[in-house]
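Architecture and fold: a report
Below are the chains, spelled out letter by letter.
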Amino acid sequence: LSKMLSDPSLLATQAYLAGDWVEADTGARFDVTNPATGEVLETVPDMGRAETARAIEAARIAQKDWAARTAKDRAQLLRRWFDLMMANQEDLAIILTAEMGKPLTEARGEIAYGASFIEWFAEEGKRVYGETIPGHAPDKRIMVQKQPIGVVGSITPWNFPNAMIARKAAPALAAGCGFVARPASETPLSALAMAVLADRAGLPKGLLSVIPSNDAAGIGKEFCENPTVRKLTFTGSTQVGRILLAQAAPQVMKCSMELGGNAPFIVFDDADLDAAVEGAIMCKFRNNGQTCVCANRIYVQDGVYDAFAEKLAAAVAKMTVGNGMEEGTDLGPLISDKAVAKVEAHIADATAKGGQITLGGARMGNEGTFFEPTIVTGATRDMAFSTDETFGPLAPLFRFKDEEEVIALANNTIFGLASYFYAKDLSRVYKVAEALEYGIVGVNTGIISTEVAPFGGVKQSGLGREGSRHGIEDFMELKYICLSV
Ligand code: ADP
């Protein structure tokens, strides 16, 4: 892998703890593999709780000085980090594709997307305004300040190895917090490469640590039980989110949770069908279906069902599956055999209940975890994917009759992250957008992610928002100062 990089020093294979590059106390390391080939790319240190505690302590010390600096000073350092990420976009993308599998074009996009949060929050950090409130008595003056919450622990998944960390670290650091990141064990190299650049940008020693570990549960416990950590920020499954919330409860720790989704994608009969097909493809098959905002259930109104199914199949049939490093690849491998097994299980369940596979349906090749993009028609609410996120390249098409029915179907889930619909009638657009119980609604678009808007879910999809001016609030506390004059 290092031979492919124009700057091989970005390929860091030690942990970044308190400003130093170190091994685990035990000396243990674990493998990072390429899902396209199954080959071991590198090994990285398998850090434990003791090392995590040291990272937390270093962050506590560094954070005091960091918080005391001006926002402009912090912004300048973050801006340098952003510039370095963009200057090294290609190398970062290559590392990302190697360990995670997504096509290189998507990886380049992810680096730019991740970096955009650093740029945005560097700017936004200067605009963390407090308020003055008219007093409740003649002698009282009331002032409200926003202060950084302190040390933040972060746990992130493998599907966006760069952006998930950037989205959390940027607002935390801009707010004046210290940050300890435990990247997913599948994708530590992207996180460590970000640390190389943060270090180069001049971030103070100890403020940021990146600790790879195979022991997610142990690190999670350290974050929740160490009294210095005042905030936990997590992206991953609802199942693990619940565990972490329960673990964080005894310390009454502030938590941000970006959890699972089960996104509905609704095509009404007045939709522009070609645009809907294009949106469905971007929304369903980006990252090979492995995002928490990917369409999981596609609802198509009776009158346009057959036409939409036909157009979608024709477009999906043109997609190329292959190694993400090769130009022209639309769909890379899935992250693991387990991920393939889940797609297979959802397909088997659907066909046993009367669904028809109209495209794809099978694993591909002798190596790697490649899967054909798949369409199932005749999907019904008793099938597994109507309640469970597939996280793979499977598009089930459900048929519906009217607005009321589809809103009820779309909302009939414990999740509430992203939702999408295509329609032209203005009154319908307003009514449906307001009725969908989701944190995010894409109308006539399949792509909703941007640093300038608040990303996050309702119901069991999470707590808090990332991005936008709201994203920094989750890393701050309000202090009300009451002055008697
Ligand atoms: P995914 O299916 O995206 O891997 P998970 O919720 O299983 O979703 O994983 C998200 C992140 O949480 C990963 O980095 C994983 O290693 C970590 N994780 C898994 N179990 C725990 C746990 N009990 N405590 C803390 N982190 C965990």
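Keep in mind that this is a model prediction, so the values were computed, not measured.

1. Description of the overall build of the chain
Of the regular secondary structure elements, the chain holds 13 helices and 22 strands. Relative to the globule expectation of 23 Å for 485 residues, the C-alpha radius of gyration of the chain, 23 Å, shows essentially globular dimensions. Taking the principal axes of its C-alpha atoms as reference, the chain extends roughly 70 × 65 × 40 Å. Across the 485 residues of the chain, 55% fall into the buried class. Considering only intrachain contacts with a sequence separation of at least 6, the fraction spanning at least 24 residues in the chain is 72%.

2. A few points about the environment of Arg49
As for its position among the elements, Arg49 is in helix H1 (residues 49-68). Between the C-alpha atom of Arg49 and that of Gly378, which follows or precedes it by 329 residues, the distance is 49 Å. If sequence neighbours within four positions are ignored, Arg49 has contacts with Gly218, Ile219 and Glu222.

3. Some remarks on the sheet that holds strand E5 (residues 131-133)
Pairing within the open sheet is antiparallel, and its 3 strands lie in the order E5-E6-E22. Every other strand in the sheet has two partners, leaving E5 and strand E22 (476-484) as the edge strands with one partner each. The average angle at which neighbouring strand axes cross in this sheet is 25 degrees, direction not considered. As judged from the 9 bridges shared by strand E6 (residues 140-148) and E22, these two strands associate in the antiparallel manner. The residue bridging Arg141 from the neighbouring strand is Leu483, located in E22.

4. So, the environment of Asp272
Among the structural elements, Asp272 can be located in the loop between strand E12 (263-267) and helix H9 (273-285). Of the residues examined, Asp272 has 14 C-beta atoms within 10 Å and is grouped as partly exposed. Separated by 151 residues in the primary sequence, Asp272 and Ala423 place their C-alpha atoms 7.3 Å from one another.

5. Topic: the site of the ligand
Around the ligand, a shell composed of 13 residues is seen, among which Ala216, Gly220, Gly236, Ser237 and Val240 lie nearest. Those elements giving two or more residues to the shell around the ligand turn out to be helix H7 (216-225) and helix H8 (238-248). Within the shell around the ligand, the residues separate by chemical class into 8 nonpolar, 5 polar and no charged.

6. A few points about the pairing of strand E17 (residues 374-379)
Counting buried residues along E17, 5 of its 6 residues qualify, which places the element largely inside the surrounding structure. With 3 bridges connecting them, strand E14 (residues 356-359) and E17 associate as antiparallel partners. Pairing of Ile357 across the sheet is with Val376, part of E17. Bridging between E17 and strand E18 (residues 394-400) involves 4 bridges; their strand directions are parallel. Paired with Val376 across the strands is Pro396, a residue of E18.

7. Here we look at the pairing of strand E4 (residues 40-45)
Alignment of strand E3 (residues 29-33) against E4, held across 5 bridges, turns out to be antiparallel. Residue pairing for E4: Phe30 is matched across the bridge by Val44. Following E3, the chain reverses through 6 residues before pairing antiparallel with E4; Gly38 in that reversal takes a positive phi of roughly 80 degrees.

8. Here's the deal with the sheet that holds E17
The sheet built from 7 strands is open, its strands ordered E14-E17-E18-E13-E12-E19-E20 with mixed pairing. Each edge of the open sheet is held by one strand with a lone partner, namely E14 and strand E20 (440-443). When strand polarity is set aside, the average angle formed by the axes of neighbouring strands in this sheet is 25 degrees. Direction of pairing for strand E19 (residues 418-422) relative to E20: parallel, over a ladder of 4 bridges. Counterpart to Tyr420 in the pairing with E20 is Gly442. Sitting on the sheet, H9 touches E12, strand E13 (295-301), E18 and E19, and the angle it makes with E19 is about 165 degrees.

9. Structural notes on the UniProt feature "active site" (unreviewed entry) in the chain
Summarizing the sequence annotation, UniProt attributes the feature "active site" (unreviewed entry) to Glu258 in the numbering used throughout. C-beta crowding within 10 Å serves as the criterion here: with 27 such atoms nearby, Glu258 is assigned to the buried category. Not counting residues within four places of it along the chain, the set of residues in contact with Glu258 comprises Thr235, Gly456, Gly462 and Glu466.

Each value, and the rule that gives it
- Residues numbered from 1 in each chain as written.
- Predicted model: local features only at pLDDT ≥ 70, side-chain atom pairs only at ≥ 80, totals over all residues.
- Helix = DSSP H or I, 4+ residues; strand = E, 2+ residues; numbered from the N terminus.
- Rg over C-alpha atoms; globule rule 2.2 N^0.38 Å.
- Buried ≥ 20, exposed ≤ 12 C-beta atoms within 10 Å, placed from the backbone.
- Contact = placed C-beta atoms within 7 Å.
- Pairing = 2+ DSSP bridges.
- Axes fitted to C-alpha atoms, helices over the stretch in contact; angles between N-to-C directions.
- Near = placed C-beta within 6 Å.
- Nonpolar A, V, L, I, M, F, W, Y, C, P; charged D, E, K, R; others polar.
- UniProt positions renumbered as here; feature names shortened; annotations may be inferred.

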